[in-house]
Amino acid sequence: MKILSLKEVVLLTGLSKVTLWRLEQKNMFPQRVALSPRRVGWKHDEVMEWLDTRPRVTAAETINTEGFENA
């Protein structure tokens, strides 16, 4: 069993630490595992399974931003 650090989970999911915490509180993201009193991690398999359940966006569904200027 591989354990992912917070940094690895943030990189894999693209979510912030706060968003991960909020999702955990709502039982919408895998729960962290206490590794020591000051260290936590997430089970790799659970995070990957969660990612697999996320909706996919295809190229046809992306928003065309050409022609928009920074306001």
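Shown above is the structure to which this text applies.
Rules used throughout
Residues numbered from 1 in each chain as written. Predicted model: local features only at pLDDT ≥ 70, side-chain atom pairs only at ≥ 80, totals over all residues. Heavy atoms only, no water. Phe/Tyr/Trp six-rings, centres within 6.5 Å; stacked < 30°, edge-to-face > 60°. Helix = DSSP H or I, 4+ residues; strand = E, 2+ residues; numbered from the N terminus. Buried < 20%, exposed > 50% of the residue type's maximum accessible area, 1.4 Å probe, protein only.

Colleague: Kindly report on the packing of aromatic side chains, identifying the contributing residues and their values.
Modeller: A full pass over the atoms with the stated rule returns 1 aromatic pair. With a centroid separation of 4.8 Å and 70° between ring planes, the pair formed by F29 and W50 is classed as edge-to-face. Of this pair, F29 sits in the loop between α2 (17-25) and β2 (33-36) while W50 is found in helix α3 (residues 44-52), placing the two residues 21 residues apart along the sequence. Exposure remark for F29: the relative accessible area of 4% places this residue in the buried category. Residue classification places W50 among the buried residues on the basis of a relative accessible area of 11%.

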